[in-house]
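So the chains spell out like this:
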Amino acid sequence: MFTTKQAILDGSVKNPYLPNVQGVGYTGSGKYHTSGNRDNICMYNRWAGVIERTYGTEEYYEKHPTYRYCTLHEPWLCYQEFADWCFTNQWYNRTYHLDRDLLVSGNKHYSPETCVLIPLELNNFFNSPEYVGDAGLPTGVKWHSDERYPFYEVHLSKFGKKT
């Protein structure tokens, strides 16, 4: 690859190994691009979001406390590595989300061993406060200890409509 001195001076040539996302993430060089079609842009945004969750500011963690103390698989600091894992693991739909605690409850580490790609609806189900089960009960199940008529309440959602 060749360039001119002027292109370097005016900033049109970028170093793909310069950590420019939260000061730690870099795009790297390879087959995955950060712009162009919608899939590229969506994948890049997913990656940048994971970097923000694991290397966020104190202000970010005040707004999103569940991400405090999250860590990241070091090779995923490179966008190429993250995108390769996603596409290898059948990320074929822009609505799929990266979930770090479905396989390992309470997990705080984003890595190939601890993460899965799941549909948005499933991710929302597990993360919605109204669907969090009572202690010892499955997600979506709550116990109501009414004196006369104790009962279980089950919440489900199909295509965004609560049942």
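To be clear, the structure that these remarks concern was listed above.
Residues numbered from 1 in each chain as written. Predicted model: local features only at pLDDT ≥ 70, side-chain atom pairs only at ≥ 80, totals over all residues. Heavy atoms only, no water.

(A) Region of the structure containing the overall build of the protein. Along its length, the protein carries 5 helices and 8 strands. Along the chain direction, N to C, the helices and strands of the protein fall in the order α-α-α-β-α-β-β-β-α-β-β-β-β. Buried positions account for 31% of the 163 residues belonging to the protein. Within the structure as shown, the protein displays about 11100 Å² of accessible surface, and the carbon and sulfur contribution to it stands at 54%. (Helix = DSSP H or I, 4+ residues; strand = E, 2+ residues; numbered from the N terminus. Buried < 20%, exposed > 50% of the residue type's maximum accessible area, 1.4 Å probe, protein only. Areas by Shrake-Rupley, 256 points an atom, 1.4 Å probe, with all protein chains shown as cover.)

(B) Quick peek at the packing of aromatic side chains. Tallied over the entire structure, the rule returns 9 aromatic pairs. For the ring pair Tyr 60 and Tyr 67, a centre distance of 6.4 Å and an interplane angle of 25° mean the geometry is stacked. Ring geometry for Trp 76 and Trp 85: centres 5.1 Å apart, planes at 55°, overall tilted. We classify Trp 85 as buried; its relative accessible area is 12%. Ring pairs connect the aromatic residues Tyr 44, Trp 47 and Tyr 79, which therefore count as one cluster. (Phe/Tyr/Trp six-rings, centres within 6.5 Å; stacked < 30°, edge-to-face > 60°.)

(C) Here's a closer look at helix α4 (residues 79-88). Buried within α4 are the following residues: Tyr 79, Gln 80, Phe 82, Ala 83, Trp 85 and Cys 86. Contact partners of the buried residues in α4: α2 (38-54), β2 (97-99) and β4 (116-118). Taken from the residues just after α4, Gln 90 is the one with a positive phi, measuring 60°. (Contact = heavy atoms within 4.5 Å.)

(D) Structural detail: the pairing of strand β5 (residues 141-144). Relative to strand β6 (residues 151-154), β5 runs antiparallel, the two being bridged by 4 bridges. Following the sheet pairing, Val 141 is matched in β6 by Val 154. What sits between the antiparallel neighbours β5 and β6 is a turn of 6 residues. (Pairing = 2+ DSSP bridges.)

(E) Broad picture of α2. The end-to-end C-alpha separation of α2 is 25 Å, in line with the 24 Å expected for 17 residues at 1.5 Å each. Among the residues making up α2, those that are buried are Asn 40, Cys 42, Met 43, Trp 47, Ala 48, Gly 49, Val 50, Ile 51, Arg 53 and Thr 54. Taken together, the buried residues of α2 touch α3 (58-63), β1 (71-72), α4, β2 and β3 (109-110). For α2, the N-terminal cap is Asn 37; the gap from its side-chain oxygen to the backbone nitrogen of Asp 39 is 3.0 Å. (Expected span 1.5 Å × (residues − 1). Polar contact = N/O pair within 3.5 Å; in protein donor to acceptor, adjacent residues only side chain to side chain.)

(F) Spotlight on the packing of α2 against α4. For the pair α2 and α4, interaxial distance at closest approach is 10 Å and the crossing angle is 115°. As far as their axial angle goes, α4 and α2 are roughly perpendicular. The hand of the α2/α4 crossing is right-handed. Where α2 abuts α4, its residues Asn 40, Met 43, Tyr 44, Arg 46, Trp 47 and Val 50 lie against Tyr 79, Phe 82, Ala 83, Cys 86 and Phe 87. Tallied by class, the residues present in the contact of α2 with α4 amount to 9 nonpolar, 1 polar and 1 charged. (Axes fitted to C-alpha atoms, helices over the stretch in contact; angles between N-to-C directions. Parallel < 35°, antiparallel > 145°, perpendicular 65-115°, else oblique. Left-handed = near helix turned anticlockwise from the far one by under 90°. Nonpolar A, V, L, I, M, F, W, Y, C, P; charged D, E, K, R; others polar.)

(G) Fine view of the environment of Tyr 96. Note that Tyr 96 resides in the loop between α4 and β2. Distance in space between the C-alpha atoms of Tyr 96 and Leu 122 is 9.3 Å, their sequence separation being 26 residues.

(H) Just the nonpolar core, in detail. Trp 47, Leu 72, Trp 76, Phe 82, Trp 85, Leu 98 and Tyr 110 are the most contacted members of the largest nonpolar core, which totals 21 residues. Sorting the residues of this core by element identifies α2 and α4 as the ones contributing at least two each. Those residues in contact with Trp 76, other than ones at most four positions away along the chain, are Trp 47, Ile 51, Glu 81, Phe 82, Trp 85, Leu 98, Tyr 110, Ser 111, Pro 112 and Cys 115. (Core = buried A, V, L, I, M, F, W, Y, C linked by side-chain atoms within 4.5 Å.)

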